[in-house]
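Structural overview for review
One-letter residues, chain by chain:
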Amino acid sequence: QEQLVESGGGLVHAGGSLRLSCTASGFTLSDYAMSWYRQRPGKERELVAEIITDGGATNYADSMKDRFTMSKDNAKNTVYLQMNSLKSEDTAVYYCLASTRRLGFRVNYWGQGTQVTVSS
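Residues numbered from 1 in each chain as written. Predicted model: local features only at pLDDT ≥ 70, side-chain atom pairs only at ≥ 80, totals over all residues. Heavy atoms only, no water.

**Quick word on the pairing of strand 10 (residues 105-110)**
Definition in use: The rule for pairing is simple: two strands pair if DSSP sees at least two bridges between them. For helices the rule is a DSSP run of H or I covering at least 4 residues; for strands it is a run of E covering at least 2, with both sets numbered from the N terminus onward.
In the sheet, strand 9 (residues 92-102) pairs with strand 10 via six bridges, with the strands oriented antiparallel. Residue pairing for strand 10: A98 is matched across the bridge by Y109. Hairpin geometry of strand 9 and strand 10 is characterised by an intervening segment of two residues between the two adjacent antiparallel strands and by a positive phi of about 55° at L103.

The structure is reproduced here in structure tokens:
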């Protein structure tokens, strides 16, 4: 039973910071491409950041590149999203995704999401 659990969301004022966590159970996170997505109210889900290969570079959406930092701790089987200088537009449900291929087929595991609300 592979599972991803996000945590760390909450209510913050504009300009504040939060660190989100995504912990894997039932599988080894380092074997997967890891991504953070978010879904803002009334909008489609969008990519925030990703680490495609273990030890590889982190890629960010342009609008969040200078404020958000994704990192990974393989020993804890956890990925993080450090969010600084938060804006009201960052209010969203944030999800983590683990992706791999298995016998030539793509396998995706999604977390349940954590709510981030930024007040003006």
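**Overview of the packing of aromatic side chains**
The test is simple: For Phe, Tyr and Trp, rings pair up if their centres lie within 6.5 Å, where Trp contributes its six-membered ring, and each pair is then called stacked (planes under 30 degrees apart), edge-to-face (over 60) or tilted (otherwise).
Inspection of every chain in the model, using the stated rule, returns five aromatic pairs. Counting every residue linked through ring pairs, the aromatic cluster contains F27, Y32 and Y109.

**Thoughts on the pattern of salt bridges**
Convention followed: Salt bridge, as used here, is a side-chain nitrogen of Lys or Arg placed within 4 Å of a carboxyl oxygen of Asp or Glu. Three exposure classes are used, based on accessible area relative to the maximum for each residue type with a 1.4 Å probe and protein chains only: buried under 20%, partly exposed in between, and exposed over 50%.
Applying the stated criterion to the full structure yields five salt bridges. Here E46 makes a salt bridge to R38, at a shortest N to O gap of 2.8 Å. Accessibility expressed as a relative area gives 22% for E46, which makes it partly exposed. Between R40 and E46 there is a salt bridge, with the nearest N and O atoms lying 3.1 Å from each other. Residues joined in a network through salt bridges with shared partners are R38, R40, E46, R67 and D90.

**Regarding the nonpolar core**
Heads up, the condition is: Think of a nonpolar core as a cluster: buried Ala, Val, Leu, Ile, Met, Phe, Trp, Tyr and Cys residues, connected wherever their side-chain atoms sit within 4.5 Å. What makes two residues a contact is simply this: any of their non-hydrogen atoms within 4.5 Å.
The biggest cluster of nonpolar side chains holds 29 residues, and the ones touching the most others in it are L4, W36, L81, M83 and Y94. Secondary-structure elements contributing two or more residues to this core are strand 3 (18-25), strand 4 (33-39), strand 5 (46-51), strand 7 (68-73), strand 8 (78-83), strand 9, strand 10 and strand 11 (114-119). Look past the residues within four positions of L4 in its chain and what remains in contact with it is C22, T23, A24, F27, M34, C96, L97, A98, Y109, W110, G111 and Q112.

**Brief notes about the environment of Y60**
To be explicit about the condition: Within 3.5 Å is the distance limit for a polar contact, defined as a pair of N or O atoms, with the added protein rule that one can donate a hydrogen and the other accept it, and that residues adjacent in sequence qualify only through two side-chain atoms.
Along the chain, the position of Y60 falls in strand 6 (residues 58-60). As a C-alpha pair, Y60 and S35 span 25 residues in sequence and 9.7 Å in three-dimensional space. Residues in contact with Y60, not counting those within four places in the same chain, are V48, A49, K65, F68, T69 and M70. At 3.0 Å, the side chain of Y60 and the backbone nitrogen of M70 are in polar contact.

**Things to note about the sheet that holds strand 7**
Under the convention used in this document: Working convention: axes come from line fits to C-alpha atoms, limited for helices to the stretch in contact. Angles between N-to-C directions cover 0 to 180 degrees.
One open sheet accounts for four strands, arranged 1-3-8-7; its pairing is antiparallel. Each of the sheet's edge strands pairs with one partner strand only, and the pair in question is strand 1 (3-7) and strand 7. With direction set aside, neighbouring strand axes in the sheet form an average angle of 15°. Taken together, the six bridges between strand 3 and strand 8 define a ladder with antiparallel strand orientation. Looking at strand 8, one finds that T23 is bridged to T78.

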